[in-house]
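Residues per chain, in single letters:
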Protein chains: 2
Amino acid sequence: MSNVYDSANELEKAIQESDEFKDLKAAYDKVMEDPNSKQMFDNFRNTQLELQQKQMQGEEITEEEVEKAKQVVELVQQHEDISKLMEQEQRVNVLINDISRIITKPLEELYGAQQQ
Amino acid sequence: MSNVYDSANELEKAIQESDEFKDLKAAYDKVMEDPNSKQMFDNFRNTQLELQQKQMQGEEITEEEVEKAKQVVELVQQHEDISKLMEQEQRVNVLINDISRIITKPLEELYGAQQQ
């Protein structure tokens, strides 16, 4: 019978203490410690954010930009620390998606059950 | 030191037992019990889903469709039970958004703190 906000804070703490999050933090810190890898990662992220923004605003993405983005991805994947960080991000994403599926179950059941 | 999945299930239960969710369920059941209001609500939802899908697929939405959607919204807002249901949906949305802000805090702090 716990309060929703208490439970959410509890869950936040559990996420923070999870292996998934701790490993992500370690991988992130490692990349950020090295100016070289930090620069590569920042560049990669900025390229991705730019493309996402363009997509959301319905702007056209040129072939050149797609090509550039591909190259940046290939480059960072070859960097051991960054590719490890990306793997950890993927693991945390899975965790967050699982959580979001669990907590939206009541709504899905309500809107699923009575709808035909 | 609780497990993430245990905490998520705990939170799911707390949502299900919250006033916000119980009130939503009551409002939803009331609308579904009456064939007339059920039909109106289903029609409203289908119109919204269609437009959302078109938007996501980048299809153009005609002025006629916008007009039709507006009319459907105006119609359902005049229906007391349906407008109550929409209010309750809004309340639950606020709750879910709050929760999602709380549980993504660790990620935001990680990616926010070390980035300049």
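Nothing here was measured: the structure is a model prediction, and the numbers come from that model.

Thresholds applied
Residues numbered from 1 in each chain as written. Chains lettered and ligands numbered in written order. Predicted model: local features only at pLDDT ≥ 70, side-chain atom pairs only at ≥ 80, totals over all residues. Heavy atoms only, no water. Helix = DSSP H or I, 4+ residues; strand = E, 2+ residues; numbered from the N terminus. Rg over C-alpha atoms; globule rule 2.2 N^0.38 Å. pLDDT = per-residue confidence, 0-100. Salt bridge = Lys/Arg side-chain N within 4 Å of Asp/Glu carboxyl O. Contact = heavy atoms within 4.5 Å. Buried area = accessible area lost by both parts, 1.4 Å probe. Polar contact = N/O pair within 3.5 Å; in protein donor to acceptor, adjacent residues only side chain to side chain. Nonpolar A, V, L, I, M, F, W, Y, C, P; charged D, E, K, R; others polar. Core = buried A, V, L, I, M, F, W, Y, C linked by side-chain atoms within 4.5 Å. Buried < 20%, exposed > 50% of the residue type's maximum accessible area, 1.4 Å probe, protein only. Least-squares fit on C-alpha atoms with pLDDT ≥ 70 in both. Axes fitted to C-alpha atoms, helices over the stretch in contact; angles between N-to-C directions. Parallel < 35°, antiparallel > 145°, perpendicular 65-115°, else oblique.

1. Looking at the overall build of chain A
So, step 1. In terms of regular secondary structure, chain A is built from 6 helices and 0 strands.
So, step 2. Seen in sequence order, chain A has helices and strands lined up from the N terminus as α-α-α-α-α-α.
So, step 3. Over its C-alpha atoms chain A spans a radius of gyration of 19 Å, topping by over 25% the 13 Å that the globule rule assigns to 116 residues.
So, step 4. Projecting the C-alpha coordinates of chain A onto the three principal axes gives extents of approximately 50 × 35 × 20 Å.

2. Here we look at the confidence of the model for chain A
So, step 1. Here chain A averages 91 in pLDDT, while 95% of its residues score no lower than 70.
So, step 2. Overall fold confidence (pTM) sits at 0.83, and the ipTM for the predicted complex is 0.81.

3. A word on the pattern of salt bridges
So, step 1. Per the stated rule, a full pass over the model turns up 16 salt bridges over all chains.
So, step 2. With a closest N to O distance of 3.4 Å, K105 of chain A and E12 of chain B form a salt bridge. With one member in each of two chains, K105 of chain A in helix α6 (residues 105–113) and E12 of chain B in helix α1 (residues 4–16) form a pair that bridges those chains.
So, step 3. Note that K25 of chain B and D29 of chain B form a salt bridge whose closest N and O atoms lie 3.0 Å from each other. One end of the pair is K25 of chain B and the other is D29 of chain B, both in helix α2 (residues 19–33) and 4 residues apart, which spans about a single turn.

4. As for the interface of chain A and chain B
So, step 1. On the side of chain B, 43 residues touch chain A, which itself brings 43 residues to the contact.
So, step 2. Of all residues in chain A, V4, I103 and Y111 of chain A bury the most surface against chain B, accounting for 16% of the area lost on that side.
So, step 3. Linking chain A with chain B are 2 salt bridges, by the criterion used here.
So, step 4. There are 6 residue pairs in polar contact (both at pLDDT 80 or more) connecting chain A and chain B.
So, step 5. The set of elements that each furnish at least two residues to the side of chain A that touches chain B consists of α1 (4–17), α2 (19–33), α3 (35–56), α5 (80–103) and α6 of chain A.
So, step 6. Considering every element that reaches the side of chain A that touches chain B, the biggest residue donor is α1 of chain A, with 12 residues.
So, step 7. Taken together, the residues of the side of chain A that touches chain B sort by class into 23 nonpolar, 8 polar and 12 charged.

5. Concerning the nonpolar core
So, step 1. Core analysis: the biggest nonpolar cluster contains 54 residues, and F41 and I99 of chain A together with F41 and I99 of chain B have the highest contact counts within it.
So, step 2. A total of 9 residues in this core trace back to one element, the largest contributor, which is α5 of chain A.
So, step 3. Discounting chain neighbours no more than four positions away, the residues touching I99 of chain A are L11 and I15 of chain A together with V4, A8 and I103 of chain B.

6. Some remarks on the relation of the copies chain A and chain B
So, step 1. When chain A is fitted to chain B, the best match, at an RMSD of 0.1 Å, comes from turning it 180 degrees and sliding it 0.1 Å along the axis. The two molecules are tied by a two-fold rotation axis, judged by turn and shift.

7. As for the packing of α3 of chain A against α5 of chain A
Residues and elements named next belong to chain A.
So, step 1. The N-to-C vectors of α3 and α5 enclose an angle of 50 degrees; their axes lie 11 Å apart at closest approach. Relative to α5, the element α3 lies oblique. Residues S37, M40, F41 and F44 of α3 touch α5, and the partners they reach there are I82, L85, M86 and E89.
So, step 2. Within the contact of α3 with α5, the residues separate by chemical class into 6 nonpolar, 1 polar and 1 charged.

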